[in-house]
Amino acid sequence: MVDVTEKEMDNCTFKSDTVLSDVHLHCPNKRHLMVRLNAVGQPVFLSYFKILWNTEDLPPEKHVREAITEREHQYRSGDEPRDQDRNNLKKERELSSEGVEALLDDDGDLDVVRRPRRASDLEAEDLLRDKVYPVILMKGKDDAFEDEEQECACSDVVKIEHTMATPLEDVGKQVWRAAFLLADYILFKRDTFRCCSVLELGGGTGITSIIMGTVAKRVYCTDVGEDLLAMCEQNVALNRHLMEPGRGDVKVKELDWLKGEFCTDPEAPYSWSEEEIADLHDHCTVIMAADVFYDDDLTDALFRMLYRITHSLRHSCTVYLALEKRLNFTLRHMDVTCEAYSHFRNTLNDLENLQDRKMKYTVEPIKLDFCQFLVYERIEQL
């Protein structure tokens, strides 16, 4: 639980009243480009996520190339390398082109060449850990993202606008690991979802619906809140380059689980038309949701909505649920527990054991041994 308090645009400290996405903690020193403030005054950032179609590109090799690129960015931004550092950088390029084995020392251990320490680092060398924080750049300051923007012309880069730290009620504006996990599965099982009609519950920034839109015929990406849905719609527009002709019709719509019904008010933004509701009921065969099980009341509401929707579908449907089991120490149990996950599993069991003459639900876990197409930390709790 963290909050970003702005001291300077390149130095953030974290406090304890809001939530920070794990995706940013995975690469804390990566620079983030702030593009605007949203309707409620939260900083909005633009991030680039590259789809790694070459599954033989081993993680150690990717990390070496990313580290080299990051150091080159640091040098261009003002940290001039010494002669020794230039030689190290040259050696790293030579070694990375030869393969992972060349990165081992005489004892067979991984040989990591570290970046040169700055004067500010030396002043704090008595500390146990170096200072770590995300580097935030404002739009229009320096052309630090020139390479990334050129890369984004490619058809394998997803561009997502998102916030970095929010109150709990706005966590949908961030990017979470379970969304990457579900996106990986979609990319791995592309033929399964080809030309399907899909509904996403709790779509947030829309990254999973956008990935699904690369193969599916139509995707209804739903969530609640005009500000969040506007961000999601902007992300869909940013990624039209990924959609194949005749596919990728991603529609952003409001769907409030607590209300339990479709919003059909023509004056309301992101409302449903009667034709869209009929299309969903007649053609939807896939429903998906990622990282939406963190509150017991919302979990109950989602399963009630899931029950109502599946009862109205003309065809049988497969529901894909991805989540991260988050462990917390609670005073009530005086132990590390995961109450939100336990409630999710209990509710899932209730759905499977439901006695319904019209509907039957079966639950199957999916092994996480499929390929990883996006760069994130696939932890055991996913």
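Residues numbered from 1 in each chain as written. Predicted model: local features only at pLDDT ≥ 70, side-chain atom pairs only at ≥ 80, totals over all residues. Heavy atoms only, no water.

Asker: Pulling in residues and values, what's your account of the pattern of salt bridges?
Answerer: What the rule picks out here adds up to 15 salt bridges. Close ionic contact of R177 with E377 constitutes a salt bridge, the shortest N to O distance being 3.5 Å. Of this pair, R177 sits in helix α6 (residues 177-188) while E377 sits in the segment after α12 (339-352), and the two are 200 residues apart along the sequence. When its relative accessible area of 37% is taken as the criterion, E377 is described as partly exposed. In this structure, the salt-bridge partner of D191 is R194, at a minimum N-O distance of 3.3 Å. Of the residues examined, D191 reaches a relative accessible area of 64% and is grouped as exposed. What you see here is one network of salt bridges that share partners, running through R177, D291, E324, R326 and E377. (Salt bridge = Lys/Arg side-chain N within 4 Å of Asp/Glu carboxyl O. Helix = DSSP H or I, 4+ residues; strand = E, 2+ residues; numbered from the N terminus. Buried < 20%, exposed > 50% of the residue type's maximum accessible area, 1.4 Å probe, protein only.)

Asker: Can you break down the side chain of D256 residue by residue, with the values?
Answerer: Structurally, the position occupied by D256 is in the loop between β11 (249-254) and α10 (274-283). Of the side chains bearing the opposite charge, K259 lies closest to the buried D256, which forms no salt bridge; the N-O distance is 4.4 Å. Contact partners of D256, with chain neighbours within four places excluded, come to V224, E261 and M305. (Lys, Arg positive; Asp, Glu negative; His and termini not counted. Contact = heavy atoms within 4.5 Å.)

Asker: Describe the environment of T264, listing the residues and the values that go with them.
Answerer: Assignment of secondary structure puts T264 in the loop between β11 and α10. Remark: the alpha-carbon pair of T264 and E274, spanning ten residues in sequence, is separated by 7.4 Å. Apart from the residues within four sequence positions on either side, T264 is in contact with S271, W272, E274 and I277.

Asker: Talk me through the nonpolar core; I want residue IDs and the actual numbers.
Answerer: For soluble globular proteins, nonpolar side chains are generally found buried alongside one another. Counting residues in hydrophobic clusters, the biggest one holds 45 residues, and the most contacted among them are F49, V158, F180, I186, F193, V198 and M212. Elements represented by at least two residues in this core include exactly β7 (157-162), α6, α8 (207-213), β10 (218-223), α9 (226-238), β11, β12 (284-290) and β13 (318-322). Sort the elements by how many residues they give to this core and α6 lands first, with nine residues. With near-sequence residues (within four places) excluded, V198 lies in contact with M212, A216, R218, V219, Y220, C284, V286 and M288. Residues I277, L302, I309 and M359 belong to the second largest nonpolar core, which totals 29 residues. (Core = buried A, V, L, I, M, F, W, Y, C linked by side-chain atoms within 4.5 Å.)

Asker: Talk me through α9; I want residue IDs and the actual numbers.
Answerer: Over its 13 residues, α9 runs 18 Å from end to end, which matches the ideal 18 Å to within 8%, given 1.5 Å per residue. Listed in full, the buried residues belonging to α9 are L228, L229, M231, C232, N235 and V236. Looking straight down α9, one finds its buried side chains confined to an arc of 155 degrees; they lie on one side. Looking at the packing, one finds that the buried side of α9 touches β4 (31-37), β5 (43-50), β7, α8, β10 and β11. (Expected span 1.5 Å × (residues − 1). Arc of directions from axis to C-beta.)

Asker: Break down the sheet that holds β12 for me, citing the residues and quoting the values.
Answerer: If you trace the five strands from one edge of the open sheet to the other, you get β11-β10-β9-β12-β13, paired in parallel fashion. Among the strands making up the open sheet, the edge pair consists of β11 and β13. Averaged over all pairs of adjacent strands, the angle between their axes in this sheet comes to 20 degrees, without regard to strand direction. Strand direction decides the pairing type here: β10 and β11, joined by six bridges, are parallel. Paired with T222 across the two strands is K253, which belongs to β11. Across the sheet, α6 is in contact with β12 and β13; its angle to β12 comes to roughly 145 degrees. (Pairing = 2+ DSSP bridges. Axes fitted to C-alpha atoms, helices over the stretch in contact; angles between N-to-C directions.)

Asker: Let's hear about the confidence of the model for the protein: which residues, and what values?
Answerer: Averaged over the protein, the pLDDT score is 78; the fraction of residues at 70 or greater is 64%. The low-confidence segment residues 1-15, where pLDDT is below 50, has 38 contacts with residues more than four positions distant or belonging to other chains. Predicted confidence for residues 95-102 stays below pLDDT 50, and this span has seven contacts to residues more than four positions away or in other chains. (pLDDT = per-residue confidence, 0-100.)

Asker: Provide a residue-level description of the packing of aromatic side chains, including the pertinent values.
Answerer: Here the distance between the centres and the angle between the planes together describe a pair of aromatic rings. For the structure shown, the criterion picks out 15 aromatic pairs. Aromatic pair Y341 and F344: ring centres 6.2 Å apart, planes at 40 degrees, arrangement tilted. With Y341 and F344 both in helix α12, this residue pair falls three residues apart, about one helical turn. In this pair, the class of Y341 matches that of F344, namely buried. An aromatic cluster of three or more residues is present, and its members are Y185, F188, F193, Y320 and F370. (Phe/Tyr/Trp six-rings, centres within 6.5 Å; stacked < 30°, edge-to-face > 60°.)

Asker: Can you tell me about the pairing of β5, naming the residues and giving the values?
Answerer: Most of β5 is tucked away, with six of its eight residues classed as buried. The pairing of β4 with β5 spans four bridges and is classified as antiparallel. Of the residues in β5, the one forming a bridge with M34 is F45.

Asker: An account of the packing of helix α11 (residues 296-312) against α12 is needed here, citing residue identities and associated values.
Answerer: One can describe the packing of α11 onto α12 by two numbers: an axis separation of 10 Å at closest approach and a directional angle of 25 degrees. Between α11 and α12, the angle is such that the two are roughly parallel. Remark: the crossing between α11 and α12 carries right-handed chirality. Where α11 approaches α12, its residues D296, T299, D300, F303 and L306 are matched on the opposing element by E339, A340, H343, F344, T347, L348 and L351. Here the residues of the contact of α11 with α12 sort into six nonpolar, three polar and three charged. (Parallel < 35°, antiparallel > 145°, perpendicular 65-115°, else oblique. Left-handed = near helix turned anticlockwise from the far one by under 90°. Nonpolar A, V, L, I, M, F, W, Y, C, P; charged D, E, K, R; others polar.)

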